[in-house]
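The lines below spell out each chain.
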Amino acid sequence: MNLTIPNWLIILSGIGQIFTALIYPYIRHNVFDWYNDVKQLKPLNQEIAKTYGRYIQGLNFCFGLIAIVFTTELKEQSALAVALTGLIALYWVGKVATQIAYYPMYQIPQKIIFKIGSYFMNTLFVLFATVNSALFIYNLIGHYKLL
């Protein structure tokens, strides 16, 4: 297959994913006032919510690190490359679908920085979904010799 996914694009996606992991606590605290909302939950539910928040942050960071450190390996068309890029693509496509389906129902604070940030983050999410979906399709076609 002649599709070429440039390494710089995969690395850019990885840097962006790490950025989302690092900015995640700021967004939860300053944009969504998440911690005050979580305080209203029962103690066990508070811990569950915090744990899931850490999972999201950890996955974003790890997926970014994988993209930066294993750029070439993500294009090897091996069974592992199919599985890993499929997992990452599904994660980000799910994130974008959730953004489209549910998040417009809610208001973010109307400060200009938050509006710009919202567009920037959504652009990043689409980038991650696109890059990893392209990698998955490339690996899938190459590994199973579909073309």
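Calculation criteria
Residues numbered from 1 in each chain as written. Predicted model: local features only at pLDDT ≥ 70, side-chain atom pairs only at ≥ 80, totals over all residues. Heavy atoms only, no water. Helix = DSSP H or I, 4+ residues; strand = E, 2+ residues; numbered from the N terminus. Expected span 1.5 Å × (residues − 1). Contact = heavy atoms within 4.5 Å. pLDDT = per-residue confidence, 0-100. Buried < 20%, exposed > 50% of the residue type's maximum accessible area, 1.4 Å probe, protein only. Core = buried A, V, L, I, M, F, W, Y, C linked by side-chain atoms within 4.5 Å. Salt bridge = Lys/Arg side-chain N within 4 Å of Asp/Glu carboxyl O. Phe/Tyr/Trp six-rings, centres within 6.5 Å; stacked < 30°, edge-to-face > 60°. Lys NZ or Arg CZ within 6 Å of the ring centre and 35° of its normal.

A.B. asks: Quick rundown of helix H3 (residues 43-69)? Include the residues and the values.
C.D. replies: With 27 residues, H3 should cover 39 Å at 1.5 Å per step; its first-to-last C-alpha distance of 38 Å lies within 8% of that length. The secondary structure elements touched by the buried residues of H3 are helix H1 (7-31), helix H2 (34-38) and helix H4 (79-101).

A.B. asks: Got a sec to walk through the side chain of Ser13? Specific residues and values, please.
C.D. replies: Position of Ser13 among the secondary structure elements: in helix H1. Leave out the neighbours within four places in its chain, and Ser13 touches Leu127, Phe128, Val131 and Asn132.

A.B. asks: Quick one: what's the story with the confidence of the model for the protein, residue by residue and with numbers?
C.D. replies: The predicted model of the protein has a mean per-residue pLDDT of 93, with 97% of residues at 70 or higher. Confidence, read as mean pLDDT per element, is least for H2 in the protein (91) and greatest for H3 (97).

A.B. asks: Describe the environment of Leu84, and please don't skip the residues or the numbers.
C.D. replies: Topologically, Leu84 is positioned in helix H4. As a C-alpha pair, Leu84 and Phe120 span 36 residues in sequence and 26 Å in three-dimensional space.

A.B. asks: Break down unusual backbone geometry for me, citing the residues and quoting the values.
C.D. replies: Not every positive phi belongs to a glycine, and Asp33 is a case in point at roughly 50 degrees. Mapped onto the secondary structure, Asp33 falls in the loop between H1 and H2. You can call Asp33 partly exposed: its relative accessible area is 36%. Residue Lys145 is not a glycine yet carries a positive backbone phi of 50 degrees. Relative to the elements of secondary structure, Lys145 occurs in the segment after helix H5 (112-143).

A.B. asks: Outline the nonpolar core, listing residues and values.
C.D. replies: With twelve residues, the main nonpolar core is built from Ile27, Val31, Phe63, Ile88, Trp92, Val96, Phe114, Met121, Leu124, Phe125, Phe128 and Ala129. Those elements that provide at least two residues to this core are H1, H4 and H5. With residues near it in sequence (within four places) discarded, Ala129 still touches Trp92, Val93 and Val96.

A.B. asks: Lay out the pattern of salt bridges with the relevant residues and their values.
C.D. replies: Within the structure shown, the criterion is met by one salt bridge. Notably, a salt bridge pairs Lys50 with Glu47, separated by 3.8 Å at the nearest N-O pair. Residue Lys50 and its partner Glu47 are located together in helix H3, separated by three residues, close to a single helical turn. Note on Lys50: relative accessible area 24%, which makes it partly exposed. Since its relative accessible area comes to 41%, Glu47 is described here as partly exposed.

A.B. asks: Before we move on, can you summarise the packing of aromatic side chains with the specific residues and values?
C.D. replies: How two aromatic rings sit relative to each other is set out by the distance from centre to centre and by the angle between their planes. Across all of its chains, the model carries eight aromatic pairs by this definition. Look at Phe19 and Phe120: their rings are 5.8 Å apart centre to centre, the planes differ by 75 degrees, and that puts the pair in the edge-to-face class. Of this pair, Phe19 sits in helix H1 while Phe120 sits in helix H5; the two residues are 101 residues apart in sequence, bridging distant segments of the chain. Through pairs of rings, three or more aromatic residues link up here, namely Phe63, Tyr91, Trp92, Phe125 and Phe128. Arg28 extends its terminal NZ or CZ atom over the ring of Trp34, reaching a point 4.8 Å from the ring centre.

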